[in-house]
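Coordinates in review
Letter by letter, the chains look like this.
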Amino acid sequence: MQIRNWLQSPSSLTHGNIIKREIFSKKDPDNPDKEGAILNYVDSFSRCYLEPRIASVPAAFDDRQLIFYVVDGQGVFEAGDVKQDVQEGDGIIVPPGLTHTLTNEANAPLEFLILEEVLPDGVEASRKDALIRNYRESTLGQGHWTHLVHPIFSQDDGLVTMHSVLVVRIEAMQTPDTHGHDDNMDEVWYMLEGNGIHVVSQNVYRQRPGDAVSVAPSSPGHTLINDTDEPLKTFYFARYNR
Ligand SMILES: [Fe+2]
């Protein structure tokens, strides 16, 4: 099964008060039946939230880097000398060992995604400080015919395992090309707004907000077709076969 909604995932806690629903995780030979454990490289992808007027407990993780993406709501991110308001569309890289907190000062939930990159043996993260960037700060690009791509982070920004973290839009009634991926990479699409039909190999998924689709492997290919009258907007991360 290559589609999974966060509602299908068990809940757990991280950073004291962050409520986490892990959608996909890295394949685990010791636990081959774990649901959603289908990724080859990226360690964890979760939908998370903070309740209104709640702060996370200060936390630091020496063995992994975290990447946050704010889906909805308003918060305050603090780490070292950085104290900054964050909102929808903001990505945050939190390097290993950096103590950080996220505070929801609003009366509505703060919804966000967390990606985890565990440092491979002998690898050090290049970043030492946090990086906050909204996807709207980057210039729009186009690929695969109709993918409208806002880059957020790349390895130049300090990603360790992943090569790309993006927001991708597809306009109403448009289809990208169909292209395939082997099982030696990770590529995941998470629907933020709108919906479309994601064809992966011979599977046809109606992908709605909160649904994540993993497309490695896909033979002969995959394509996310917007068959609706509204644009769709996705969060995308990938580790390519380079
Ligand atoms: Fe693809």
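Residues numbered from 1 in each chain as written. Predicted model: local features only at pLDDT ≥ 70, side-chain atom pairs only at ≥ 80, totals over all residues.

1. Points about the overall build of the chain
Of the regular secondary structure elements, the chain holds 0 helices and 23 strands. By the compact-globule yardstick of 18 Å for 242 residues, the chain fits well, its C-alpha radius of gyration being 17 Å. Across the 242 residues of the chain, 38% fall into the buried class. At a minimum sequence separation of 6, the contacts of the chain that also span at least 24 residues come to 70%. (Helix = DSSP H or I, 4+ residues; strand = E, 2+ residues; numbered from the N terminus. Rg over C-alpha atoms; globule rule 2.2 N^0.38 Å. Buried ≥ 20, exposed ≤ 12 C-beta atoms within 10 Å, placed from the backbone. Contact = placed C-beta atoms within 7 Å.)

2. Observations concerning the pairing of strand β12 (residues 110-118)
The buried fraction of β12 is high, at 7 of 9 residues. Direction of pairing for strand β5 (residues 44-50) relative to β12: antiparallel, over a ladder of 7 bridges. Note that in β12 the partner of Leu50 across the bridge is Leu110. Bridge analysis of strand β7 (residues 64-72) against β12 gives 8 bridges, and the strand direction is antiparallel. In the strand pairing of β12, Ile67 is matched with Leu115. (Pairing = 2+ DSSP bridges.)

3. What about the sheet that holds strand β22 (residues 218-225)?
Spatially, β17-β22-β19-β20 is the arrangement adopted by the 4 strands of the open sheet, whose pairing is antiparallel. Because the sheet does not close on itself, it has two edges, and the strands there are β17 (179-181) and β20 (203-207). When strand polarity is set aside, the average angle formed by the axes of neighbouring strands in this sheet is 30 degrees. Relative to β20, strand β19 (residues 196-200) is paired through 5 bridges, and the arrangement is antiparallel. By the bridge assignment for β20, Val199 is matched with Val204. (Axes fitted to C-alpha atoms, helices over the stretch in contact; angles between N-to-C directions.)

4. Observations concerning the sheet that holds strand β23 (residues 232-239)
Overall, antiparallel pairing links the 7 strands, which are arranged β1-β21-β18-β23-β16-β15-β14 in an open sheet. If you trace the sheet from one side to the other, it starts and ends with β1 (3-5) and β14 (141-143), each paired once. Sheet twist, expressed as the mean angle between neighbouring strand axes with direction ignored, is 30 degrees. As paired elements, strand β16 (residues 164-170) and β23 share 7 bridges and run antiparallel to each other. When the sheet's bridge partners are listed, Arg169 is paired in β23 with Lys233.

5. Section: the domain arrangement of the chain
Taken as a whole, the chain is organised into domain 1 (3-133) and domain 2 (137-239). The distance between the C-alpha centroids of domain 1 and domain 2 comes to 20 Å. In this assembly, 30 residues from domain 1 lie in contact with 27 residues from domain 2. Put simply, the parts of the chain that give the side of domain 1 that touches domain 2 at least two residues each are β1, β3 (18-26), β4 (37-39), β7, β10 (90-94), β12 and β13 (131-134). Top element by residues in the side of domain 1 that touches domain 2 is β7. It accounts for 4 residues. (Domains from an automatic or database assignment.)

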